[in-house]
Amino acid sequence: MRVRELGAEIARDYAHREPILVGSLKASFVFLTDLSRSMPMLHALDFVELAGYGSAQMGGHEQIRVLKDLDADIAGRDVIVVEDVVDTGLTLNYLVRTFELRAPASVAAVTLLDRPYRRLVDDLPVRYVGFVVPDELFVGYGFDLDERWRQLPDLRLVRDASPHET
Amino acid sequence: MGQPDIGDLQANQKFQKYLGTEPPRFASRAELECAKVLDYYGIPWLYEPRTFVLEEDEDGRVREAFAPDFYLPEQDLYVELTVMKQSLVTRKNRKLRKLRERYPDVKIKLFYKRDLERLAQHFRLDLAS
């Protein structure tokens, strides 16, 4: 399975270090869990959640807002941001810039899905990619559609009203 | 009650990351939303800062020109927003191809309605329409 390969690759690259995996909620939580269990090494886990543009939580804010910040101090730590998908890169760009202000040893990102052809911000530390995917909507494996379908064990492609197995 | 006029909508809008000197005058609601998205994610931007000549006649008169909607200085990237149907996107793609041929050092990308909707978390609206 691709996630296991990613875990092994990260474990090789971060040998003798103890990185902190930072899951960007919510959709990455299943991927983060599997990735963590695929990394035979010491590592820490933390989570961050941003209010998406136009979301109910945004409450009229015109600038991005952190709904849940890190619990850990990342100064001097190797941070690996765990994303469900990177497309325009706007969200990851914000996270990386924010984390870099906290003087970590390094910041990298791993994403389950990638749409590099949709990127607006290119200069991102996306070191590990699960799958480059077409410009389609997916649910399952943590991905939702209106907070539904996250529980599906595998990724499904949404073609119309209901998700199909990929 | 009709849709609010684009002029009314942008009259009250204050942008944090707009780098221009004159207030932007957007041509559509989608462009305004795109500007708000860029602002929200802290990306500095300009609105239609440059017009590219794509074609001239034998006397040097401009036959075709193109002003991309946005320029992102930190990315050195022009962005053309499109919310149109596929046939019109094809026309825009042709313009982009011409621009790339004539200005190979200029980076430009199309920003689709779907990108905007993903960021705006409006999947349901898109799927229902």
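The structure we're discussing is the one just above.
Residues numbered from 1 in each chain as written. Chains lettered and ligands numbered in written order. Predicted model: local features only at pLDDT ≥ 70, side-chain atom pairs only at ≥ 80, totals over all residues. Heavy atoms only, no water.

> I'm lost on the pattern of salt bridges in this one. Help?
Pairs can form between side chains of opposite charge whenever their charged atoms are close. Residues and elements named next belong to chain A. Counted under the stated rule, the structure contains 22 salt bridges over all chains. Residue Glu5 is joined to Arg2 by a salt bridge in which the shortest nitrogen-to-oxygen separation is 2.9 Å. Taken as a pair, Glu5 and Arg2 lie in helix α1 (residues 2–13) at a separation of three residues, close to a single helical turn. Judged by its relative accessible area of 47%, Glu5 falls in the partly exposed class. (Salt bridge = Lys/Arg side-chain N within 4 Å of Asp/Glu carboxyl O. Helix = DSSP H or I, 4+ residues; strand = E, 2+ residues; numbered from the N terminus. Buried < 20%, exposed > 50% of the residue type's maximum accessible area, 1.4 Å probe, protein only.)

> Can you walk me through the sheet that holds strand β5 (residues 106–114) of chain A in this structure?
Within a beta sheet, neighbouring strands are joined by backbone hydrogen bonds and run either parallel or antiparallel to one another. Residues and elements named next belong to chain A. If you trace the six strands from one edge of the open sheet to the other, you get β3-β2-β1-β4-β5-β6, paired in mixed fashion. Of all the strands in the sheet, just β3 (65–68) and β6 (126–132) have a single pairing partner and so form its edges. Ignoring strand direction, the axes of neighbouring strands in this sheet form an average angle of 25°. The sheet contact formed by β5 and β6 spans five bridges and is parallel. Bridged to Val110 within β6 is Tyr128. (Pairing = 2+ DSSP bridges. Axes fitted to C-alpha atoms, helices over the stretch in contact; angles between N-to-C directions.)

> What is the right way to read the sheet that holds strand β1 (residues 46–47) of chain B from this model?
Residues and elements named next belong to chain B. Pairing is mixed in the open sheet, where four strands are placed in the order β1-β4-β5-β6. The open sheet has two edge strands with one neighbour each: β1 and β6 (108–112). Summarising the sheet, strand β5 (residues 77–82) and β6 pair through five bridges and their orientation is parallel. Bridge pairing links Val79 to Lys109 in β6. In this fold helix α2 (residues 29–40) packs onto β1, β4 (70–72), β5 and β6, with an angle of close to 10° to the strand it touches most, β4. (Contact = heavy atoms within 4.5 Å.)

> Would you explain unusual backbone geometry in this entry?
Excluding glycine, residues mostly carry a negative phi; peptide bonds, for their part, are mostly trans. All names here are of chain A. Residue Lys26 follows Leu25 across a cis peptide bond; omega there is 5°. Mapped onto the secondary structure, Lys26 falls in the loop between β1 (20–24) and α2 (29–37). For Tyr141, which is not glycine, the phi dihedral falls at a positive 50°. On the secondary structure map, Tyr141 appears in the loop between β7 (137–139) and β8 (156–158). Among the residues examined, Tyr141 registers a relative accessible area of 7% and is labelled buried.

> I would appreciate a short explanation of the nonpolar core in the present structure.
Counting residues in each nonpolar core, the largest one holds 45 residues, and the members touching the most others are Phe99(A), Tyr41(B), Trp45(B) and Phe70(B). Counting residues per element, this core draws most heavily on α2(B), which supplies seven residues. (Core = buried A, V, L, I, M, F, W, Y, C linked by side-chain atoms within 4.5 Å.)

> Any chance you could explain helix α3 (residues 90–100) of chain A here in plain terms?
Working note: α-helix, 3.6 residues per turn, so residues spaced by three or four point in the same direction. For α3(A), the tally of buried residues reaches eight of eleven residues, placing the bulk of the element in the interior. Listing the buried residues of α3(A) in full gives Leu90(A), Leu92(A), Asn93(A), Tyr94(A), Leu95(A), Val96(A), Thr98(A) and Phe99(A).

> I keep staring at the interface of chain B and chain A and nothing clicks. Help me out?
In many analyses, interface size is given as the accessible surface area lost on bringing the parts together. In this assembly, 28 residues from chain B lie in contact with 30 residues from chain A. In total, about 2700 Å² of surface goes out of reach between chain B and chain A, with carbon and sulfur atoms giving 54% of it. It is Tyr40(B), Tyr41(B) and Arg118(B) in chain B that bury the most area against chain A; as a group they hold 29% of the surface buried on that side. For the pair chain B and chain A, the interface holds one salt bridge. Between Lys109(B) and Asp122(A) there is a salt bridge; the shortest N-O distance is 3.8 Å. Where chain B touches chain A, the interface holds five residue pairs in polar contact (both at pLDDT 80 or more). By residue class, the composition of the side of chain B that touches chain A is 13 nonpolar, five polar and ten charged. (Buried area = accessible area lost by both parts, 1.4 Å probe. Polar contact = N/O pair within 3.5 Å; in protein donor to acceptor, adjacent residues only side chain to side chain. Nonpolar A, V, L, I, M, F, W, Y, C, P; charged D, E, K, R; others polar.)

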